[in-house]
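So you can see what is in the structure, the chains are spelled out below.
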Amino acid sequence: MTRQARILAFGDSLTWGRIANRPERHGDDVRWPRVLEKALGGYAMVIEEGLNGRRIALEDPLRPYRSGISLLPLFIECHAPLDLVILMLGTNDCQRQHSLAPYDVARSMRMLAQVAQRPPVEPGMPVPEVLIVAPPVVRMPDDPDHEANFFMEGAPEKMALLATYYRRIADEIGASFFDAAKVATVTGEDGIHLDADNTRAIGLALAPVVDGLLGLPLPARGPALRISGP
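Treat the numbers as computed from the prediction; the structure is a model and nothing was measured.

How each quantity is defined
- Residues numbered from 1 in each chain as written.
- Predicted model: local features only at pLDDT ≥ 70, side-chain atom pairs only at ≥ 80, totals over all residues.
- Heavy atoms only, no water.
- Core = buried A, V, L, I, M, F, W, Y, C linked by side-chain atoms within 4.5 Å.
- Buried < 20%, exposed > 50% of the residue type's maximum accessible area, 1.4 Å probe, protein only.
- Helix = DSSP H or I, 4+ residues; strand = E, 2+ residues; numbered from the N terminus.
- pLDDT = per-residue confidence, 0-100.
- Contact = heavy atoms within 4.5 Å.
- Expected span 1.5 Å × (residues − 1).
- Arc of directions from axis to C-beta.
- UniProt positions renumbered as here; feature names shortened; annotations may be inferred.
- Polar contact = N/O pair within 3.5 Å; in protein donor to acceptor, adjacent residues only side chain to side chain.
- Axes fitted to C-alpha atoms, helices over the stretch in contact; angles between N-to-C directions.
- Parallel < 35°, antiparallel > 145°, perpendicular 65-115°, else oblique.
- Left-handed = near helix turned anticlockwise from the far one by under 90°.
- Salt bridge = Lys/Arg side-chain N within 4 Å of Asp/Glu carboxyl O.

Digging into the nonpolar core
Argument step 1. By size, the foremost hydrophobic cluster in this structure holds 38 residues, and its most contacted members are Leu8, Leu72, Leu87, Met109, Leu112, Ile132 and Tyr166.
Argument step 2. Taken together, the elements giving at least two residues each to this core come down to β2 (5-11), α3 (68-79), β4 (84-88), α4 (102-117), β5 (129-134) and α6 (155-173).

In structure tokens, the structure reads:
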């Protein structure tokens, strides 16, 4: 017997599917987690946990609940058992207000990935694989008066280095790595978000990576452990 793999896609507005310059999200046929699920041919369920403005470990001084490391344990426990956790974060950590170097962003990602590697789940539940994804590199918007020119100042140069550092930390902690900038580029409308073709491209490119990691289809789990308590 086989079963569906359970995959958590944890990210920011690129995972939520934000459309540039609009308070709307791409449809189910476009957002990369949904495209990934479809590309895996019914052998996996991909759970979307994208939040606009999410950072890896930092909080947004203007909007609460944006620290990924604070909430990831909750989502892992809510959606357990998980076979894979995909982490695509780092864009918002490169905002000018945070003054973080690329290496500091990568150190935060190491901590986040290690949370997933030591999940707060009940005894007997599996420990998921972890896939760290470097997000597409931001650019300055086509409109010189767009506000992103100010709050993302210096971010393109920082993000151009993230893939190198993310790959290194993935190797060090035994996680897997994928560079989304190899298959997707941000739109010039705001310099941050993805058009339909590029967000779809990430889901399609991740499908063989995920299949290689998990070896789909997965065998059915053994008998559940009997535990005490609610």
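What follows continues from the structure just given.
A word on the confidence of the model for the protein
Argument step 1. The predicted model of the protein averages 93 in pLDDT, with 96% of residues at 70 or higher.
Argument step 2. This model gives residues 224-230 a pLDDT under 50, and the stretch forms 3 contacts once residues within four places in sequence are excluded.

A word on α3
The α-helix winds at 3.6 residues per turn, so residues separated by three or four positions along the chain end up facing the same way.
Argument step 1. Between the first and last C-alpha of α3 there are 16 Å, a value that for 12 residues agrees with the 16 Å anticipated at 1.5 Å per step.
Argument step 2. Within the sequence span of α3, burial applies to Gly68, Leu71, Leu72, Phe75, Ile76 and His79. Buried residues along α3 cover an arc of 145° about the axis, so they all sit on one side.
Argument step 3. In the core, the buried residues of α3 are packed alongside β2, β3 (44-50), β4 and α4.

Focus: the UniProt feature "domain: SGNH hydrolase-type esterase" (unreviewed entry) in the protein
Argument step 1. Mapped onto the present numbering, the UniProt feature "domain: SGNH hydrolase-type esterase" (unreviewed entry) falls at residues 9-194.
Argument step 2. In residues 9-194, helix accounts for 34% and strand for 13%; the two terminal C-alpha atoms are 17 Å from one another.

Brief notes about the side chain of Thr187
Argument step 1. Relative to the helices and strands, Thr187 resides in the loop between β6 (176-179) and α7 (196-214).
Argument step 2. Side-chain polar atoms of Thr187 contact the backbone nitrogen of Glu189, separated by 3.2 Å.
Argument step 3. Excluding residues that lie within four positions of it along the chain, Thr187 makes contacts with Ala20, Ile192 and His193.

Details of the environment of Leu14
Argument step 1. Within the fold, Leu14 resides in helix α1 (residues 13-16).
Argument step 2. Under the relative-accessibility criterion, Leu14 is labelled buried at 5%.
Argument step 3. If we ignore the near neighbours within four places in the chain, the residues touching Leu14 are Trp32, Met88, Thr91, Pro135, Pro136, Ile192, His193, Leu194 and Thr199.

Description of the packing of helix α2 (residues 32-39) against α7
Argument step 1. In contact at an axis separation of 7 Å, α2 and α7 are set at 40° when each is read in the N-to-C sense. Taken together, α2 and α7 sit at an angle that is classed as oblique. Classified by chirality, the crossing of α7 by α2 is right-handed. Mapping the contact onto sequence places Trp32, Val35, Leu36 and Ala39 in α2 and Thr199, Arg200, Ile202, Gly203, Leu204, Leu206, Ala207 and Val210 in α7.

With respect to the pattern of salt bridges
Argument step 1. According to the stated counting rule, one finds 13 salt bridges in the structure shown.
Argument step 2. Taking the shortest distance from any N to any O, the salt bridge between Glu24 and Arg22 comes out at 2.7 Å.
Argument step 3. On the basis of relative accessible area, Arg22 is assigned to the partly exposed category, the value being 39%.
Argument step 4. Residues Asp28 and Arg31 are paired through a salt bridge, measuring 2.6 Å at the closest nitrogen-oxygen approach.
Argument step 5. Look at the salt bridges and you will find they share partners, linking Asp28, Arg31, Arg34, Glu37 and Glu48 into a network.

Concerning the environment of Asn198
Argument step 1. In this fold, Asn198 is placed in helix α7.
Argument step 2. Asn198 gets classed as buried once you look at its relative accessible area, which sits at 15%.
Argument step 3. Between the C-alpha atoms of Asn198 and Met45, which are 153 residues apart in sequence, the distance is 21 Å.
Argument step 4. Engagement of the side chain of Asn198 in a polar contact is seen with the backbone nitrogen of Thr185, the distance being 2.9 Å.

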